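# A structural walkthrough
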Amino acid sequence: MIQDSILIEKRHERFIKSVCNSEIVWGLKNHEGFASSASVHYEDEDGEPVGIICFWAEKALAKSCIKDGWSEYKLTEISLSDFMENWCVGMGNDGLLVGTQFDQNLFGFEADPYELILDLSNELKNIDKKLEFKKFDGINDIENQVKDVI
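Here we summarise the structure given alongside this text. If you're wondering where the values come from, they're calculated on a predicted model, not measured in any experiment. (Residues numbered from 1 in each chain as written. Predicted model: local features only at pLDDT ≥ 70, side-chain atom pairs only at ≥ 80, totals over all residues. Heavy atoms only, no water.)

## Some thoughts on the environment of Gly95
Considering the arrangement of structural elements, one finds Gly95 in the loop between helix H3 (80–94) and strand S6 (97–100). In sequence terms Gly95 and Asp141 are 46 residues apart; their C-alpha atoms lie 22 Å from each other. (Helix = DSSP H or I, 4+ residues; strand = E, 2+ residues; numbered from the N terminus.)

## Quick look at a negative patch on the surface
Taken together, the side chains of Glu43, Glu45, Asp46 and Glu48 define an acidic patch exposed on the protein surface. Its location among the elements puts Glu45 in the loop between strand S3 (36–43) and strand S4 (49–55). (Patch = residues over 30% accessible without salt bridge, like charges linked within 9 Å, V, L, I, M, F, W, Y side chains within 5 Å. Areas by Shrake-Rupley, 256 points an atom, 1.4 Å probe, with all protein chains shown as cover. Salt bridge = Lys/Arg side-chain N within 4 Å of Asp/Glu carboxyl O. Lys, Arg positive; Asp, Glu negative; His and termini not counted. Charge placed at Lys NZ, Arg CZ, Asp CG, Glu CD.)

## Comments concerning the sheet that holds strand S2 (residues 33–34)
Each strand in a sheet pairs with its neighbour through backbone hydrogen bonds, running either in the same direction (parallel) or in the opposite one (antiparallel). Ordered in space as S2-S1-S5, the three strands form an open sheet in which the pairing is antiparallel. At either margin of the open sheet sits one strand with a lone partner, and together these are S2 and strand S5 (74–79). As paired strands, strand S1 (residues 24–30) and S5 are joined by six bridges and run antiparallel to one another. Opposite Leu28, over in S5, you have Leu75 as the bridge partner. Docked against the sheet, H3 engages S1, S2 and S5, running at close to 85° with respect to S5. (Pairing = 2+ DSSP bridges. Contact = heavy atoms within 4.5 Å. Axes fitted to C-alpha atoms, helices over the stretch in contact; angles between N-to-C directions.)

## Re the packing of aromatic side chains
According to the stated counting rule, one finds eight aromatic pairs in the structure shown. With a centroid separation of 4.9 Å and an interplanar angle of 70°, the aromatic rings of Phe55 and Phe83 are classed as edge-to-face. Of this pair, Phe55 sits in strand S4 while Phe83 sits in helix H3, and the two are 28 residues apart along the sequence. For Phe83, a relative accessible area of 0% gives the class buried. Measuring from centroid to centroid gives 6.0 Å for Trp56 and Trp70, while their planes differ by 85°, and the two rings are edge-to-face. Here Trp56, found in the loop between S4 and helix H2 (59–64), pairs with Trp70, found in the loop between H2 and S5; they are 14 residues apart in sequence, far enough to count as distant. No difference in accessibility class separates Trp56 from Trp70, as the two residues are buried. (Phe/Tyr/Trp six-rings, centres within 6.5 Å; stacked < 30°, edge-to-face > 60°. Buried < 20%, exposed > 50% of the residue type's maximum accessible area, 1.4 Å probe, protein only.)

The structure is reproduced here in structure tokens:
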């Protein structure tokens with residue numbers, strides 16, 4: 001079990017590095033919305049599992065999850081800037097979690113969307129990469145506004 005959590009955390013770290021380099025995040029979408037799951041670690045105030053929307057750094061890993069309950073889903077490419085400023089901010093506002101690098105058995109990392117923005121910001125700064133945002137004036141602006149929220 002500990003080995004599984006270490007593997008899941010390593011995949012999450014790879015997600016952060018990969019999406020910052022490629023500036024692409026992959027999702028799975030059908031007519032009802034994006035592929036989602038329920039948290040195994042977090043509950044809402046009613047004792048229900050918190051909802052998770054799942055994303056991947058690699059197209060192939062996302063594609064490998066198109067089966068069983070997700071067999072009707074199609075790959076969707078999302079720019080990293082859109083993912084950070086729209087998806088993560090929106091999910092944070094809605095009380096949802098971000099699932100990263102889920103495998104075919106629906107095991108993956110459950111990330112707080114605001115914390116994920118900060119992790120992505122740190123990595124972008126580390127590799128000296130700048131993103132163009134529509135709603136924020138650069139990486140420092142989104143980072144500062146997220147810190148104000150949390």
